[in-house]
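Overview (structure and organization)
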Amino acid sequence: MNRLASLRGMMLAFAVAVLCQLAMMPLDMRLQALSGGLGKLSLLFNARAMTVIGHLHAYGAEGRRLLFWMDVIDLLFPSALAWTCIQAIWLAFRLYAPRLAVCACAFPLAFAILDLAEKTLHFVLLARFPDASLAIAGIAALLTTVKLLVLVVSYAGLIAAGIAWVAVRCNRKWQ
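For every chain, the first residue of the written sequence is number 1, and numbering continues from 1 along that sequence. Per-residue local features are limited, in this predicted model, to residues with pLDDT of at least 70; the limit for side-chain atom pairs, both in listing and counting, is 80 or more; totals at the level of whole chains, interfaces and linings are taken over all residues. Excluded from the side-chain calculations are hydrogens and water; all other atoms, namely the structure's heavy atoms, are used.

**Comments concerning the overall build of the chain**
Here is the rule: The helix and strand labels rest on DSSP assignments: H or I over at least four residues marks a helix, E over at least two residues marks a strand, and numbering proceeds from the N terminus. Throughout, exposure labels follow a simple rule: accessible area from a 1.4 Å probe, protein chains only, divided by the maximum for the residue type, with under 20% read as buried, over 50% as exposed, and the rest as partly exposed. What makes two residues a contact is simply this: any of their non-hydrogen atoms within 4.5 Å. To be clear on the numbers: accessible area is Shrake-Rupley with a 1.4 Å probe, and residue cover counts the displayed protein chains and nothing else. Charge assignment: positive for Lys and Arg, negative for Asp and Glu; neither His nor the chain ends contribute. Charged side chains are reduced to one point each, which is NZ for Lys, CZ for Arg, CG for Asp and CD for Glu.
In terms of helices and strands, the chain carries 5 helices and 0 strands. Ordered by position from N to C terminus, the α and β elements of the chain give α-α-α-α-α. Its C-alpha atoms give the chain principal-axis dimensions of roughly 65 × 30 × 25 Å. Across the 175 residues that make up the chain, the buried fraction comes to 41%. Excluding contacts between residues fewer than 6 apart, the proportion of contacts in the chain whose partners are at least 24 apart in sequence is 74%. Carbon together with sulfur atoms contributes 71% to the accessible area of the chain, which is approximately 9,900 Å² in total. With 15 positive and 7 negative side-chain charges, the chain shows a spacing of 16 Å between the two charge centroids.

Laid out in structure tokens, this is it:
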């Protein structure tokens, strides 16, 4: 991990994540306009299968096409965000708490894997619409909820890494 993690690599991964978000913003705004304010499926916390199917109906044909392209762009975002978090956590904690660093890095990795599984199910739902399976919609909704919880923990790790990095830098200056 020491050979893979770097400040430069972390910044590059962060830039990719930001670019993905910027690319999705206009699509997301259009999707919300088409659906009466409904957001994308990947942000539905604690939803039920029928809620997912209801969103797909509310999007309409154009909204479902937008959702497809948003999900294509969003395939890059979780990997970039996870790699940003993993590098930040590793760089901040590798010297002082390497076991904590390894454990904390598992959360962003889990986020990326859960997001990929969720997107796969979204693509299946879109491909099969209007005959989308309630079981697939339910599993997708469950994955979304778990993914969002893991994302919160990943962001907490990123914030902790930032605080640790600043604390180490300040400690060095004061010595």
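On we go from here.
**Observations regarding the packing of helix α1 (residues 7-35) against helix α3 (residues 76-93)**
For the record, the criterion: Angles here are taken between N-to-C directions and fall from 0 to 180 degrees, while the axes themselves are lines fitted to C-alpha atoms, restricted in helices to the stretch in contact. For classification purposes, an angle smaller than 35 degrees is called roughly parallel, one larger than 145 roughly antiparallel, one from 65 to 115 roughly perpendicular, and anything else oblique. For a crossing to be left-handed, the near helix must be turned anticlockwise from the far one by less than a right angle; the clockwise case is right-handed. Each residue gets one label: Ala, Val, Leu, Ile, Met, Phe, Trp, Tyr, Cys and Pro are nonpolar, Asp, Glu, Lys and Arg are charged, and the others, such as Gly, are polar.
One can describe the packing of α1 onto α3 by two numbers: an axis separation of 8 Å at closest approach and a directional angle of 150°. Classified by the angle their axes make, α1 and α3 are roughly antiparallel. Of the two possible hands of crossing, α1 and α3 adopt the one that is left-handed. Side by side, α1 and α3 meet where Leu7, Gly9, Met10, Ala13, Phe14, Val16, Ala17, Cys20, Gln21 and Met24 of the first sit next to Leu76, Phe77, Ala80, Leu81, Trp83, Thr84, Gln87, Ala88 and Leu91 of the second. By residue class, the composition of the contact of α1 with α3 is 15 nonpolar, 4 polar and no charged.

**Focus: the nonpolar core**
Quick reminder of the rule: Joining through side-chain atoms within 4.5 Å is the link that ties buried Ala, Val, Leu, Ile, Met, Phe, Trp, Tyr and Cys residues into a set, and such a set is a nonpolar core.
One finds Leu41, Val52, Leu56, Leu67 and Leu125 to be the most contacted residues of the largest nonpolar core, which totals 33 residues. Element by element, the count of residues in this core is highest for helix α5 (residues 134-174), at 8 residues. Residues in contact with Leu125, not counting those within four places in the same chain, are Val52, Leu56, Ala132, Ser133, Ile136, Ala137 and Ala140.

**Observations regarding the pattern of salt bridges**
Which entries qualify depends on this criterion: The salt bridge definition used is simple: a Lys or Arg side-chain nitrogen within 4 Å of an Asp or Glu carboxyl oxygen.
Here the structure, examined in full by the defined rule, presents 7 salt bridges. Across the pair Asp74 and Lys40 runs a salt bridge whose closest N-O atoms are separated by 3.9 Å. Placement of the pair is Asp74 in the loop between α2 (49-73) and α3 and Lys40 in the loop between α1 and α2, with a sequence separation of 34 residues. Among the residues examined, Lys40 registers a relative accessible area of 10% and is labelled buried. In the salt-bridge network here, residues are joined through shared partners; they are Lys40, Asp74, Asp115, Glu118, Lys119 and Lys147.

**Overview of the packing of α2 against α5**
Here α2 crosses α5 at 100°, and the two axes come no closer than 7 Å. With respect to α5, the element α2 is oriented roughly perpendicular. Where α2 abuts α5, its residues Ala49, Met50, Val52 and Ile53 lie against Leu134, Ala137, Gly138 and Ala141. Classifying every residue of the contact of α2 with α5 gives 7 nonpolar, 1 polar and no charged.

**Here's the deal with a nonpolar patch on the surface**
We apply this condition: Patch membership needs two things, relative accessible area over 30% and no salt bridge, and members are linked within 9 Å if like-charged or within 5 Å if nonpolar (Val, Leu, Ile, Met, Phe, Trp, Tyr).
Taken together, the side chains of Phe14, Val18, Leu19, Leu22 and Met25 present a nonpolar region at the surface, about 480 Å² in accessible area. Position of Val18 relative to the elements: it lies in helix α1.

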